[in-house]
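Examining the three-dimensional arrangement
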Amino acid sequence: MGVEIAAAPSSVEQLPVEVDEITGRCHDVLDELSFGGSCSGAAARLTAAADRWVRCGLSLATVQHTVFEAFRLHLGSLRTSGDDVDTIVMSVDRMLDALEIVTTGIADAYSAAVPEAAEDYRPSSDAVTSALLGGRSAAAAARECGVELADRYHVLAISFPTESGDSPRSDVSVQARRTMRRARAVLERMNNGAVLFQLSPSGGTVLVPYPVVGSDRCLDHVVHTLAAATRTPITATAVHAARAAVPAAAAQAHELLDTVHALRCRPGLYRMRDLALEYQLTRPGPALEILGTLLDPLDDHPELTETLVRHCGNELNRQRTAHEMRVHTNTVDYRLKRIGRLIGVDPTSPSGLLQVRAALVARAYRAHMPAR
């Protein structure tokens, strides 16, 4: 470490060609903060740039040195600006905010680039999880890593957002891995490793021992903690089961999660009691096929289908639906009436709403569920 410090460049001019981009990204964040912005755009550009620095082999020490050199120069300009004390104090506060944003973004990019082998830092616990989910005896693996097996588990199926927007695919991949790493770190700390899990960048399965989370409501706290740590909305489903029934519970939890996604429900934790009817409607059979055709008259009217899906997903809240679709509430009412005329069922009446929701479930399941 001493050699690296001694060998560190003494001025910006001695650094690699990427110094201009590093310095530029720092100034972007400073500029956006100075103009009262959220600097989300500058932060996103910084993250994308940091990912490129990782891929091109630029060392973290070099990047950090450049960042602090850039901020040191900015601090020097404040010293000679001639501004009054209050103005300088405000500028220093903004500079510290910018420095936090920059260093955090760079640290995330470099930590996400650790080789895959380093992710397998808990092989014994992974073996316990694999055994439980596979219906095999986990006793030997549990003894090896010091995990006490529970008689019952809360089985969580979770998913991380996969929408990329306009981001390049490589950037989305880095972000997904970063989310997975943060989730793993949180789960690893829960009850000294008693919480077991298998995660991928898109989600996975979490086994929470029943003695750890005795109250069913505490599962909401687990999901909220994961969402806060990963800085992303998380969708999860929960099924309670005895140890021997964990494989079946995991399959059921993921089927319920498929239903949640097909219905485009909001992120959060869902239990079987929340979507029991919807889940049952997705079971194969003639009823599924009949219900799936009720909304066929809307095929040529995607805006009506979208309105219906969002309205039901928003628990019939007209204001929220109108806000999400950026239309007036009267437009929502008009579209619902038009839907009723096309399908022959009034979606605003209690009986009609029940049929429409069932049809949406069946339709979404047919359109989005993988073949089984």
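That block above? That's the structure.
Residues numbered from 1 in each chain as written. Predicted model: local features only at pLDDT ≥ 70, side-chain atom pairs only at ≥ 80, totals over all residues. Heavy atoms only, no water.

**Side note on the sheet that holds strand 3 (residues 203-209)**
Ordered in space as 2-3-1-4-5, the 5 strands form an open sheet in which the pairing is mixed. Sheet topology places strand 2 (196-200) and strand 5 (268-271) at the edges, where each strand pairs with a single neighbour. Direction aside, neighbouring strands of the sheet carry axes that sit 20 degrees apart on average. Sheet topology places strand 1 (residues 152-159) next to strand 4 (residues 235-242); 8 bridges connect them, and they run antiparallel. Bridging from a neighbouring strand, Ser159 pairs with Thr235 of strand 4. With respect to the sheet, helix 10 (residues 218-230) is in contact with strand 1, strand 4 and strand 5, its orientation differing from that of strand 5 by roughly 150 degrees. Each of strand 1, strand 3, strand 4 and strand 5 touches helix 11 (residues 246-262); the most contacted strand, strand 4, lies at about 155 degrees to it. (Pairing = 2+ DSSP bridges. Helix = DSSP H or I, 4+ residues; strand = E, 2+ residues; numbered from the N terminus. Axes fitted to C-alpha atoms, helices over the stretch in contact; angles between N-to-C directions. Contact = heavy atoms within 4.5 Å.)

**Observations concerning the pairing of strand 3**
Residues in a regular strand point their side chains to alternate faces of the sheet. Of all 7 residues that make up strand 3, 7 are buried, and the element is covered over most of its length. Burial along strand 3 is two-sided: Gly203, Thr205, Leu207 and Pro209 and Gly204, Val206 and Val208, pointing in opposite directions, are all buried. Direction of pairing for strand 1 relative to strand 3: antiparallel, over a ladder of 7 bridges. Bridge pairing in strand 3 places Ile158 opposite Gly204. (Buried < 20%, exposed > 50% of the residue type's maximum accessible area, 1.4 Å probe, protein only.)

**Looking at the nonpolar core**
The tendency in soluble globular proteins is for nonpolar side chains to be buried as a group. In this structure, Val128, Leu132, Tyr153 and Leu207 are the most contacted members of the largest nonpolar core, which totals 22 residues. When residues of this core are traced back to their parent elements, those giving at least two are helix 7 (123-134), helix 8 (139-145), strand 1, strand 4 and helix 11. In contact with Val128, not counting residues within four places along its chain, are Ala138, Ala141, Ala142, Cys145, Leu149 and Leu196. (Core = buried A, V, L, I, M, F, W, Y, C linked by side-chain atoms within 4.5 Å.)

**Description of the packing of helix 15 (residues 318-325) against helix 16 (residues 329-343)**
One way to put it is that helix 15 packs onto helix 16 with a least axis distance of 8 Å and a crossing angle of 100 degrees. Overall, the two elements helix 15 and helix 16 adopt an arrangement that is roughly perpendicular. Packed against helix 15, whose contacting residues are Arg318, Gln319, Thr321, Ala322 and Met325, the element helix 16 presents Thr329, Val332, Asp333 and Arg335 at the interface. Its residues placed into classes, the contact of helix 15 with helix 16 shows 3 nonpolar, 3 polar and 3 charged. (Parallel < 35°, antiparallel > 145°, perpendicular 65-115°, else oblique. Nonpolar A, V, L, I, M, F, W, Y, C, P; charged D, E, K, R; others polar.)

**Digging into helix 4 (residues 60-79)**
Compared with the 28 Å implied by 1.5 Å per residue over 20 residues, the 29 Å span of helix 4 between its first and last C-alpha is a close match. For helix 4, the full list of buried residues reads Thr62, Val63, Thr66, Val67, Glu69, Ala70, Phe71 and Leu78. Check the buried side of helix 4 and you find it contacts helix 2 (19-34), helix 3 (40-55) and helix 5 (85-112). (Expected span 1.5 Å × (residues − 1).)

**Concerning the pairing of strand 4**
Among the 8 residues in strand 4, 6 count as buried, and that is most of the element. Judged from the 4 bridges that link them, strand 4 and strand 5 form a sheet pairing that is parallel. Paired with Ala236 across the bridge in strand 5 is Leu269. Each parallel crossover has a hand, and the one from strand 4 via helix 11 to strand 5 is left-handed. (Right-handed = clockwise from strand over helix to strand, strands pointing away.)

**Digging into the side chain of Asp28**
Tracing the sequence through the fold places Asp28 in helix 2. Taking the relative accessible area as the measure of exposure, Asp28 reaches 17% and is therefore buried. Sequence-distant contacts of Asp28, that is, excluding residues within four places in its chain, are made with Ala42 and Arg45.

**Overview of the packing of helix 2 against helix 4**
Geometrically, a packed helix pair is captured by the angle between its two axes and the distance between the axes. Where helix 2 contacts helix 4, the two axes come as close as 9 Å, and the packing angle between them is 50 degrees. In terms of orientation, helix 2 and helix 4 fall into the oblique class. Of the two elements, helix 2 crosses helix 4, and the hand of that crossing is right-handed. Taking contact as the criterion, the partners of Val19, Ile22, Thr23, Cys26 and Leu30 in helix 2 are, on helix 4, Val63, Thr66, Val67, Ala70, Phe71 and His74. The residue makeup of the contact of helix 2 with helix 4, split by class, is 8 nonpolar, 3 polar and no charged. (Left-handed = near helix turned anticlockwise from the far one by under 90°.)

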